[in-house]
Amino acid sequence: MGTVVMNEVVNPAGLVPPNVVDLDHERAGFSWEHEWARLSGLPGGGLNIAYEAVDRHAAGARAGHVALRLLGRDGARRDVTYEDLSRLTNRFARLLDEFEVAPGERVFVLLPRVLELYVSVLGALKHRNVACTLFSAFGPEPIHQRLELGQARVLVTTAALYERKVAATRASLPELHHVLIVGADAPAGTTALEPVLAALPDDFTIEATDPEDPALLHFTSGTTGTPKGAVHVHAAVVAHHASGRIALDLHPDDVFWCTADPGWVTGTSYGIVAPLTHGVTSIVDEADFDADRWYGILQDEGVTVWYTAPTAIRMLMRIGAEVAHEYDLSKLRVAASVGEPLNPEGVVWGLEAFGRPFHDNWWQTETGGIMIANVPGQPIRPGSMGRPLPGITAGLLHCDDEGNVVRPEHDPEGVVVIDGAGESGMLALRPGWPSMFRSYLDNEARYRAAFAGGWYLTGDLASRDTDGYYWFVGRADDVIKTAGHLIGPFEIENALVSHPAVVEAGAYGVPDPIAGNVVHAVVVLRPGYEPGPALERELIGHARAALGATVAPRVIRIADTLPRTRSGKIMRRLLRARELGLPEGDTSSLESS
Ligand code: ATP
Ligand code: MG
């Protein structure tokens, strides 16, 4: 797997050249100070995300350029220019003033992907409040948990969402002073947003903002347990902008589409902030995944840079590349993926379906922005997450066979860094990049435990090849210890997905008296394949041939779906718990089937 090298088409005729043609060269000349200088800074001092994203364009030549193109569920299409967005967000900031919301207090947004979501987040940032977006498909329980933990002062939502998901427990949220309703008919105890906004002036001066002031609160996906609230500061915009340039290759005339909901960090860092700081047009689709709709958007909107996730890619793969060929996707220049490991098949499938390979990249809620990427303009290694971005120092730390970082005896505070290639260890990052989280909400101990020996420990295991590309092994919580080997589920899943019948797979360990653990897997089939014992046996044989008998799954089950988080990540811990009849743990992020 580590030896596959696919050179992508770097600059086909008619397309703009990539921002980075040589990553090593870019790294050598890179400094965060220089990246700060690419932004404007607030006229009154400091740095504010919303100013960089909106106002500096609204004040200049890009004022009339479309910032957001909003596609409604019903087919409506609305363009909002940078100037419009500046005025709308000014009004929202004024409203917070009017309601005497103090800077630093938290403004929660529970909305579908409609304009008011973007206005509330950016308006709250202008007013120096901390914005927290919640995925609108969450049920009442996870919403309550997060509003309570985050001590929400303001909530922006719709009447329907409020009545179904918040009203019943509102009384136990004493900190929540204002519920603002988008749309007509504000229920009792809430305020209709539009009339208040309409009565306010549309100018606002952002006060001096300390780059270290908290700006965004994001909850992790809850894949491995209870979601954690990661706090980010205004300085994060420097990393959003830099990674937008380097990893997503944003150019001023791009039409960019990030398919993630802003309820997840990807949908905020790259669905709101990064594209706007680059002054590009960002597509916002209110509707959920639908293959024809998505292909239609890519074609009709002329999307040039597309940022999506393996779960969506696998759904498209399941339907087949022929469907993609019915559309004219020739404008697409860069397709990128994040959120889960992307099987090599997925990368290559992109080439087959769109003539563009997927550029896998890696990061997490805590890192606030892309850390490791297959950067456009550089050779892609299918199955690899790519190389650390300039400004990012990644390393691998030696782990024991349970996946825990080894502390040397002579230095219990220290770690052992893996120097060479090929060995897997805990993926770690040197703190200091601007979008690094500054705390876990209400969990100082957990925050402290995430650092050792001068590194931030990501909780993911990876290996590195001789050229510095990183390869995902698995989450430390998901690795399987069998017969003295430490196995990452990704390797097993890759082997299964390489069989033509399998579109996705989840591998996990179950206790075994002899081996310690053995591997079991659940797979989802492509259409046209008949489930049954014959195919299960064939898949076991296929996996054995690829992985060897010790590592290959002993049991393979065929299912219609895999349990996943609402952000689309396979929850291996649930596959295991369900098979073994164990408690399911925190399932507040589980997608309802
Ligand atoms: P929790 O921390 O609550 O268990 P989570 O880690 O899934 O949830 P996120 O921060 O949304 O929450 O996801 C980040 C994680 O997703 C990474 O740590 C990694 O495990 C996985 N991930 C993201 N991108 C990639 C990728 N390109 N390849 C492999 N794994 C990825
Ligand atoms: Mg995590």
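Here, the structure is the one placed above.
Let me sum up the structure you'll find in this document. (Residues numbered from 1 in each chain as written. Chains lettered and ligands numbered in written order. Predicted model: local features only at pLDDT ≥ 70, side-chain atom pairs only at ≥ 80, totals over all residues. Heavy atoms only, no water.)

Things to note about a negative patch on the surface
Move 1: The grouping of D290, D292, E322, E326 and E352 at the surface amounts to a negative patch.
Move 2: Its place among the elements puts E352 in helix α14 (residues 344-354).
Move 3: Assessed through its relative accessible area of 49%, E352 is described here as partly exposed. (Patch = residues over 30% accessible without salt bridge, like charges linked within 9 Å, V, L, I, M, F, W, Y side chains within 5 Å. Areas by Shrake-Rupley, 256 points an atom, 1.4 Å probe, with all protein chains shown as cover. Salt bridge = Lys/Arg side-chain N within 4 Å of Asp/Glu carboxyl O. Lys, Arg positive; Asp, Glu negative; His and termini not counted. Charge placed at Lys NZ, Arg CZ, Asp CG, Glu CD. Helix = DSSP H or I, 4+ residues; strand = E, 2+ residues; numbered from the N terminus. Buried < 20%, exposed > 50% of the residue type's maximum accessible area, 1.4 Å probe, protein only.)

Digging into the site of ligand 1
Move 1: Close to ligand 1 lie 21 residues, the nearest being T220, T223, T224, N361 and T365.
Move 2: A distance of 2.7 Å separates an oxygen atom of ligand 1 from a polar atom in the side chain of T220.
Move 3: Within the side chain of D360, an N or O atom sits 2.8 Å from a nitrogen atom of ligand 1.
Move 4: Where the shell around ligand 1 is concerned, the elements lending two or more residues are β14 (358-362) and β22 (470-475).
Move 5: Here the shell around ligand 1 takes three residues from β14, the largest share from any one element.
Move 6: A class-by-class count of the residues in the shell around ligand 1 yields six nonpolar, nine polar and six charged. (Near = heavy atom within 4 Å. Polar contact = N/O pair within 3.5 Å; in protein donor to acceptor, adjacent residues only side chain to side chain. Nonpolar A, V, L, I, M, F, W, Y, C, P; charged D, E, K, R; others polar.)

Some thoughts on the packing of aromatic side chains
Move 1: Counted according to the given criterion, the structure contains 24 aromatic pairs.
Move 2: Note on W257 and W294: the rings are 5.0 Å apart at their centroids and 65° apart in plane angle, and the pair reads as edge-to-face. Residue W257 is found in strand β10 (residues 255-258), and its partner W294 is found in helix α11 (residues 291-300); the two are separated by 37 residues along the sequence. There is no split in this pair, since W257 and W294 are both buried.
Move 3: With a centroid separation of 5.7 Å and 85° between ring planes, the pair formed by W349 and F354 is classed as edge-to-face. You'll find W349 and F354 in the same group, each marked buried.
Move 4: A network of ring pairs unites the aromatic residues W257, F289, W294, Y295, W306, Y327, W349, F354 and F358 as a single cluster.
Move 5: The positively charged end of R146 is found above the aromatic ring belonging to F219, 5.4 Å away from the centroid. (Phe/Tyr/Trp six-rings, centres within 6.5 Å; stacked < 30°, edge-to-face > 60°. Lys NZ or Arg CZ within 6 Å of the ring centre and 35° of its normal.)

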